[in-house]
Amino acid sequence: MGKVAAKMKVMPNSPEIDLDDLQDRLEQSLPEGAKINGFERDNVAFGLIALLPTVIVPDGAGGTEAVEEAFIEVDGVESVAVENVGRI
């Protein structure tokens, strides 16, 4: 089974969120078999900064769905979207 890399966009629910702490909580929430291969940050507007983790997941049924569900449950996360997916 191969793997895919997915760049995701995680929007915090407030500009006051500690992004370093949010990154740690996102990493801790990952389902088994998934890992984060780095974070980028994107200035959205009015001081709001989105996190852009690149997540490596097995290429199987469900794809990034389990990661999306785990991330949206993390305290401080407003929304999660998949920006880009490709095989590695």
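Residues numbered from 1 in each chain as written. Predicted model: local features only at pLDDT ≥ 70, side-chain atom pairs only at ≥ 80, totals over all residues. Heavy atoms only, no water.

A separate point is the sheet that holds strand 2 (residues 35-45). Strand order across the open sheet formed by four strands is 2-3-1-4, with antiparallel pairing between neighbours. Of all strands in the sheet, those bounded by a partner on one side alone are strand 2 and strand 4 (77-87). Between one strand and the next, the sheet's axes are offset by a mean angle of 25°, whatever the strand orientation. As judged from the six bridges shared by strand 1 (residues 3-12) and strand 3 (residues 48-58), these two strands associate in the antiparallel manner. Bridge assignment links Ala 6 to a residue of strand 3, and that residue is Val 55. Most of the contacts of helix 2 (residues 65-72) go to strand 4, to which it runs at about 160°, and overall it touches strand 1, strand 2, strand 3 and strand 4. (Pairing = 2+ DSSP bridges. Helix = DSSP H or I, 4+ residues; strand = E, 2+ residues; numbered from the N terminus. Axes fitted to C-alpha atoms, helices over the stretch in contact; angles between N-to-C directions. Contact = heavy atoms within 4.5 Å.)

Another aspect to go through is the side chain of Thr 64. Relative to the assigned elements, Thr 64 resides in the loop between strand 3 and helix 2. By relative accessible area, which is 12% here, Thr 64 ends up buried. Of the polar contacts made by the side chain of Thr 64, one reaches the side chain of Glu 68; its length is 2.9 Å. Excluding anything up to four places from it in sequence, Thr 64 contacts Ala 6, Met 8, Val 57 and Val 82. (Buried < 20%, exposed > 50% of the residue type's maximum accessible area, 1.4 Å probe, protein only. Polar contact = N/O pair within 3.5 Å; in protein donor to acceptor, adjacent residues only side chain to side chain.)

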